[in-house]
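Chain residues, written in single-letter form:
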Amino acid sequence: MSTQKYDDSLVDVAVVGGSIAGCATAIRFSQLGYRVAVFEKKPVTERSYKKLCTHFVQPHAVPLLNGLGLAHLREPGNSVPTKAVFVTPGGVIEAPGGYDPEQPQSYALNLERRVLDPALRDAARRRGVQYFDGTGVEGAEEDGEGWTLDTLGEAGPRRFRARLVVAADGRRSRLATLLGNRAEEHPNERVALFGYFTGIEPPEGNRSVFIMNDRDLACSYPLVDGRT
Ligand SMILES: Cc1cc2nc3c(=O)[nH]c(=O)nc-3n(C[C@H](O)[C@H](O)[C@H](O)COP(=O)(O)OP(=O)(O)OC[C@H]3O[C@@H](n4cnc5c(N)ncnc54)[C@H](O)[C@@H]3O)c2cc1C
């Protein structure tokens, strides 16, 4: 019997950031047969999800759920098929076409992050992706044969080797900075307020309504269980 242990510090693909982009990328690479590790700096529980995000999955993205092994998220109880309607100072813009359940690209989905994020992590783990939560990537260096990543987790610093590194660490990407990319900053000067409501009758066809004027925007999204 071999006493050699499987070396989990050597992977084909290291994905930095374990949110939606990171998990989706990890699933795809593992489907291609690569050994993949995801590093997520925040500690993650089974139910963790991104709070500052709404629910609108655009029509071109809906078919991607199937390929990620998440077709069940399109079922009633998990999400609400919807279409966007924009009410603007210049008039009302309706998304064209009707809702056809056989054509995922014919509708958008109101899919909450509390459902999507755990399902994505679960799908990645089921595919054999190693998910290191509470483990931030602090350094990345390339040599002739691949990458060395320096990580810091609860158990202290640890070094990993990977053939390819994917930066999925969000809009203030640490990886991009480490690799010398120039940062761009744009003043925002806005404030947003979100809330969950019950008792609001959904508009016809479960439309998601976006009402905008020159500076402000209000949105409503029909959700599962009669919530908005
Ligand atoms: C108010 C609001 C509403 C939105 N509504 C919608 C919507 O309705 N529909 C839509 O499609 N999009 C929406 N978005 C945009 C959407 O939330 C983002 O595009 C999406 O979440 C980005 O995902 P991501 O995986 O690229 O990055 P993130 O979700 O930012 O994830 C990056 C991850 O990387 C981790 N990380 C960072 N640095 C390191 C490091 N050094 N080592 C390890 N891990 C690291 C972070 O902890 C984080 O978990 C909204 C955004 C906001 C702010």
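If you're wondering where the values come from, they're calculated on a predicted model, not measured in any experiment.

Student: It is not clear to me how the site of the ligand should be interpreted in this structure. Could you clarify?
Tutor: Neighbouring the ligand are 24 residues, the closest being S19, E40, T54, F56 and V137. The backbone of F39 places a nitrogen or oxygen atom 3.5 Å from a nitrogen atom of the ligand. Taking K50, its side chain carries an N or O atom lying 3.2 Å from an oxygen atom of the ligand. Burial of the ligand by the surrounding chains reaches 69%, relative to a free accessible area of 1000 Å².

Student: How do you make sense of the environment of K42 when you look at a structure like this?
Tutor: By secondary structure assignment, the location of K42 is in the loop between β2 (36-40) and β3 (56-57). The spacing of K42 and G134 is 92 residues in sequence and 4.6 Å in space, taken between C-alpha atoms. When residues no more than four places from it in sequence are discounted, the contact partners of K42 are D133 and G134.

Student: Mind showing me how you'd approach the domain arrangement of the chain here?
Tutor: Often the size quoted for an interface is simply the accessible area lost on bringing the parts together. If you check the domain split of the chain, you get domain 1 (7-55 + 112-173) and domain 2 (79-107 + 195-228). Each of domain 1 and domain 2 has a C-alpha centre, and these two points are 33 Å apart. When the two sides are added together, the surface that domain 1 and domain 2 hide from each other amounts to roughly 410 Å², 51% of it contributed by carbon and sulfur. The tally of links between domain 1 and domain 2 comes to 1 salt bridge. Its salt-bridge partner being E112, residue R227 comes within 2.9 Å of it at the nearest N-O pair.

The rules behind each value
- Residues numbered from 1 in each chain as written.
- Predicted model: local features only at pLDDT ≥ 70, side-chain atom pairs only at ≥ 80, totals over all residues.
- Heavy atoms only, no water.
- Near = heavy atom within 4 Å.
- Polar contact = N/O pair within 3.5 Å; in protein donor to acceptor, adjacent residues only side chain to side chain.
- Areas by Shrake-Rupley, 256 points an atom, 1.4 Å probe, with all protein chains shown as cover.
- Helix = DSSP H or I, 4+ residues; strand = E, 2+ residues; numbered from the N terminus.
- Contact = heavy atoms within 4.5 Å.
- Domains from an automatic or database assignment.
- Buried area = accessible area lost by both parts, 1.4 Å probe.
- Salt bridge = Lys/Arg side-chain N within 4 Å of Asp/Glu carboxyl O.

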